[in-house]
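Examination of the molecular architecture
Now for the letters of each chain:
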Amino acid sequence: MEQNRKNTSTCIYLFTLLVLVAVSIFSYYNSRSPQLKRFRYKGYGIPMPGNYQIHGIDLSHYQANINWQDIKQMEFNHIKIGFAFIKATEGTDRVDVNFISNWYGAKQMEIPVGAYHFFYAGTNGKAQAQNFIDIVSLGKDDLPPVLDIEDANDVKTKELVTELQDWLDAVEKNYHVKPIIYTNINFFNTYIKGKFDNYPLWIANYTFDTSPDINEDWVIWQHSQTGHVNGIGGFVDFNVFNGDSAAFRNFLLK
């Protein structure tokens, strides 16, 4: 009995010591970390397309440190930020340095969030998919994964289509949902159109005010690269979802 009490006291002492050490380390680094700058704007700084209920942004490490609480709280002309896509990976081995902090920052503010992979044409699609899968964990109420393809890198169309399909197949098998394909209007017309019609399309086109001006079905339209939002210094990409709030909820992962 006495020995048991001694063992118990020793365990309590060691546990308390570990807690104190952990608190001290956290306090030390927290005191040394720089405070986030507070970026505030009078509005979003761009014309916002009318007749769309759900507006969102996409970003990467280029936006540097982000104050997600300011993003969540911003409202201008009855428009709030309703979703965010965050760059996760690139090629076969690169990871965006701000992905983890951005991912959990958005989730903490309960902003619907998704992750995207920047695709290198001419590089193994399955290996690129594995890079994304190794980093990104998707769950209920997250947005589907995104394949971002913008440059053919002189790869022939047939080879490029095979690489892209390999990525799409591997990612769909892992997350059990069809990935979104993101691209700009010129690349879409040259390489994508008619080849991936059964995948959700996220199209970038900055020359029209009310729609991306394509005949194909689309889910998300990136309409500007030069928006502003509280909590972020510099320009931000702005998007709209093609549907109402019920359609948006149905688009999220189950």
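Here, every reference points to the structure presented above.
Here we summarise the structure given alongside this text. Sequence order sets the numbering: in each chain, residues are counted from 1 along the sequence as written. Thresholds applied to this predicted model are a pLDDT of at least 70 for local features of residues and 80 or more for the giving and counting of side-chain atom pairs; totals over whole chains, interfaces and linings are not thresholded and use all residues. Excluding hydrogens and water, the side-chain values take into account all heavy atoms of the structure.

Time to look at the overall build of the protein chain. Helix and strand assignments come from DSSP, with helices taken as H or I runs of at least 4 residues and strands as E runs of at least 2, each series counted from the N terminus. Looking only at helices and strands, the protein chain features 7 helices and 10 strands. Relative to its full complement of 254 residues, the protein chain shows a buried share of 44%. Sequence separation of 24 or more characterises 69% of the internal contacts of the protein chain that already satisfy a separation of 6 or more. Only the protein chains shown count as cover for residues, and the accessible areas themselves come from Shrake-Rupley with a 1.4 Å probe. When the accessible area of the protein chain is evaluated, it comes to approximately 14200 Å², of which 51% is carbon and sulfur surface. The rule is simple: take the accessible area with a 1.4 Å probe, protein chains only, and divide by the maximum for that residue type; under 20% is buried, over 50% is exposed, in between is partly exposed. By the convention used here, residues are in contact when the closest approach between their heavy atoms is within 4.5 Å.

Within the fold, Ser60 resides in the loop between strand S1 (55-59) and helix H2 (68-73). Those residues within four positions of Ser60 in sequence are excluded, and the remaining contacts are Lys87, Asp96, Asn102 and Tyr116.

When you tally the buried positions in S1, you get 5 out of 5 residues, the bulk of the element. Here S1 shows no split at all, with His55, Ile57 and Leu59 on one side and Gly56 and Asp58 on the other all buried. Two strands form a pair only when DSSP identifies at least two bridges running between them. Of the strand pairs in this sheet, S1 and strand S3 (residues 79-90) are connected by 5 bridges, and their pairing is parallel. Its bridge partner being in S3, Asp58 is matched across the sheet by Phe85. Direction of pairing for S1 relative to strand S10 (residues 236-241): antiparallel, over a ladder of 4 bridges. Within S10, the position partnered with Ile57 by the bridge is Phe238.

Here we take up the side chain of Glu90. Of note, Glu90 is situated in strand S3. Taking relative accessible area as the criterion, Glu90 reaches 13% and is therefore assigned buried. As used in this structure description, the phrase polar contact means that two N or O atoms lie within 3.5 Å; if the pair is within protein, one of them must be able to donate a hydrogen and the other to accept it, and residues adjacent in sequence are counted only when both atoms belong to side chains. In terms of polar contacts, Glu90 uses its side chain to reach the side chain of Lys87, at 2.4 Å.

Here an axis means a line fitted to C-alpha atoms, over the contact stretch when the element is a helix, while the angle between two N-to-C directions is reported on a 0 to 180 degree scale. In the contact formed by helix H5 (residues 157-175) and helix H6 (residues 185-192), the axes pass within 11 Å of each other and the chain directions differ by 105°. The pairing of H5 with H6 is recorded here as roughly perpendicular in orientation. Contacts from Thr157, Leu160, Val161 and Leu164 in H5 reach Phe187, Tyr191 and Ile192 in H6. Any angle from 65 to 115 degrees is called roughly perpendicular, while one under 35 is roughly parallel, one over 145 is roughly antiparallel, and all others are oblique.

Moving on: the environment of Trp221. Among the secondary structure elements, Trp221 is positioned in strand S9 (residues 220-227). Looking at Trp221, the relative accessible area reads 0%, which means it is buried. Remark: the alpha-carbon pair of Trp221 and Asn184, spanning 37 residues in sequence, is separated by 9.8 Å. At 2.8 Å, the side chain of Trp221 forms a polar contact with the backbone oxygen of Asn205.

Attention now goes to the packing of aromatic side chains. Any two of the Phe, Tyr and Trp rings considered here, Trp counted by its six-membered ring, make a pair once their centres fall within 6.5 Å; the pair's planes then place it as stacked at under 30 degrees, edge-to-face at over 60, or tilted in between. Summed over all chains, the structure comprises 17 aromatic pairs. Chaining the aromatic ring pairs together yields one cluster made of Phe83, Phe85, Tyr182, Trp202, Phe241, Phe248 and Phe251. Geometrically, a charge over a ring is one whose NZ (Lys) or CZ (Arg) sits within 6 Å of the ring centre while staying within 35 degrees of the ring normal. Positioned over the ring face of Tyr199 is Lys178, at 4.6 Å from the centre of the ring.

Here is a general trend for soluble globular proteins: nonpolar side chains tend to be buried in one another's company. Ranked by internal contacts, the top residues of the largest apolar core, which has 56 residues, are Ile57, Trp68, Ile71 and Val229. Among the elements that make up this core, the one with the highest residue count is H5 (6 residues). Excluding anything up to four places from it in sequence, Trp68 contacts Leu59, Ala84, Ile86, Ser101, Asn102, Gly105, Ala106, Met109 and Ile111. What is meant by a nonpolar core is a set of buried Ala, Val, Leu, Ile, Met, Phe, Trp, Tyr and Cys residues, joined one to another through side-chain atoms within 4.5 Å. Grouped together as the second largest cluster of nonpolar side chains are 16 residues, Phe83, Ile180, Val219 and Phe241 included.

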